[in-house]
Amino acid sequence: MLSVSSYYFNELLHYVSKTTALSVEKLQQQYPLTPGGDNFEINRVSFEQHQSLMQLGATISGNKLFGLEFGQQASTRSFSLLAYLTLSSSTLLQAANLLQKYEALVSTIGQAKVFEREDNYSICWHPDTSINHLSYHVIDAILAGWINFARYIVQHDMNPIKVSLSHHGNHAEIYQSIWNCPVEMHASKCELLISKADMDRPVVLQDKVTNQALQISANRKLREIKTSHEYYDKVYQCIYEHYLTTNIELKVIAAKLDVNPRQLQHCLKMEGYSFNFIWDSIRKELAITLINGASDDLVAIAHQLQFSEQSAFNRAFKRWTGRTPREYQANPGQLHLT
């Protein structure tokens, strides 16, 4: 499961509340967080849920630079353990290498890669190849967060040599005014070019002993993240592969996975999920995708998503989006929460 940490998602949730008329309480009802205690890093939110909230904030605020502005203001709370790792690094270069190694603590949506060149360093970000649609707001938030945090940990208003963004856009001049460097839109990759002099800048709170101790903790949490959603991933993939031809029930999916239904239910519960939650999430994603795909046959969509009656589909869709399927069809770009 592609995911982001609950820390990062919670920061986004509060930012959406601050920039729209939606209360934190209302957003938390629509996007519930799993309580995490000391293991809040490994409690994750799906990529789909994260992107949905990002797009909701952009749509309701009417801000085409929503992701960029969110990334600019992201605090150390957003990055949690990764923030402390970079804060205790010796130089910005070491911090960048730790980002490359431990990025999954915050997000598994993509992968950062650091390359040394003759005159500078390249930090590229590659989205996971399984993602069919990635909002440019998500990309903007990631790169803006990196630049903002780099400036913070070295306490210097350093500027990249150049920023490349893979998405279309007509606001290059705004990005350039914020990052004080040339910005290439619709590039072949997402990349920051940073001078060697800036990468050699010392981190103001560097602490070698603390950094080594934090890396031990980070390695342990990475192992926990990799194993914490094993059954979620299996069930999610199995439902997607079979929902068109198979009646989606716990016992049916359990049989396909060659596991006892009660055992599967227990394993999902230990990961913080339920079978019904996963199936409901998939139905929501598919319903919005199908309607956005210009399909006007709502009866066929309801049947495809295995609703027994059209009225049941209508109620579910209104619970997901705050509107009926017909209302959403009339204006799919505008979402409301109820």
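It should be emphasised that the depicted structure is a prediction, and the values quoted were computed from it without experimental measurement.

A. Spotlight on the sheet that holds strand β5 (residues 162-164). On the basis of which strands lie adjacent, the open sheet formed by 5 strands has the order β3-β4-β7-β5-β6 and mixed pairing. Sheet topology places β3 (110-116) and β6 (183-184) at the edges, where each strand pairs with a single neighbour. In the sheet, β5 pairs with strand β7 (residues 190-195) via 3 bridges, with the strands oriented antiparallel. Within β7, the residue paired with K162 across the bridge is L193.

B. Structural context of unusual backbone geometry. Residues other than glycine seldom take positive phi values, yet S80 does so here, at roughly 50°. The topology assignment puts S80 in helix α5 (residues 76-87). By relative accessible area, S80 is classed as buried at 9%. One non-glycine residue, N180, lies in positive phi territory at about 55°. For N180, a relative accessible area of 44% translates into the label partly exposed.

C. Representation of the pairing of β7. For β7, the tally of buried residues reaches 6 of 6 residues, placing the bulk of the element in the interior. A two-sided burial pattern is seen for β7, the buried positions comprising C190, L192 and I194 on one face and E191, L193 and S195 on the other. Sheet topology note: the strand β4 (residues 120-127)/β7 ladder contains 6 bridges and is antiparallel. Bridge pairing in β7 places C124 opposite E191.

D. Inspection of the nonpolar core at higher detail. Of all hydrophobic cores here, the largest spans 76 residues; its most connected members are L53, W125, L143, W146, V163, L165 and W179. Sorting elements by how many residues they give to this core places helix α7 (residues 136-154) first, with 12 residues. Not counting residues within four places of it along the chain, the set of residues in contact with L165 comprises I139, D140, L143, Y175, W179, V183, E184, M185, H186, A187 and K189. Membership of the second largest hydrophobic core comes to 35 residues, among which are Y232, L250, A312 and A316.

E. Examining the state of the cysteines more closely. This model, assessed by the stated rule, comprises 0 disulfides. With no disulfide of its own, C181 lies 14 Å from the sulfur of C190, the closest cysteine sulfur. Of the cysteine sulfurs around C190, a residue in no disulfide, the closest is that of C124, at 8.5 Å.

F. Local environment of the environment of K269. In this fold, K269 is placed in helix α13 (residues 261-270). Among the residues examined, K269 registers a relative accessible area of 66% and is labelled exposed. For the pair K269 and Y175, spaced 94 residues apart in sequence, the C-alpha separation works out to 44 Å.

G. Just the pattern of salt bridges, in detail. Overall, the coordinates contain 8 salt bridges when judged by the stated rule. The salt bridge partner of D198 is R201, with a shortest N-O separation of 2.6 Å. Here the salt bridges share partners, and the residues they tie into one network are R117, K189 and E191.

Thresholds, definitions, all that
- Residues numbered from 1 in each chain as written.
- Predicted model: local features only at pLDDT ≥ 70, side-chain atom pairs only at ≥ 80, totals over all residues.
- Heavy atoms only, no water.
- Pairing = 2+ DSSP bridges.
- Helix = DSSP H or I, 4+ residues; strand = E, 2+ residues; numbered from the N terminus.
- Buried < 20%, exposed > 50% of the residue type's maximum accessible area, 1.4 Å probe, protein only.
- Core = buried A, V, L, I, M, F, W, Y, C linked by side-chain atoms within 4.5 Å.
- Contact = heavy atoms within 4.5 Å.
- Disulfide = S-S within 2.5 Å.
- Salt bridge = Lys/Arg side-chain N within 4 Å of Asp/Glu carboxyl O.

Purely geometric stuff here, so don't read any function into it on its own.
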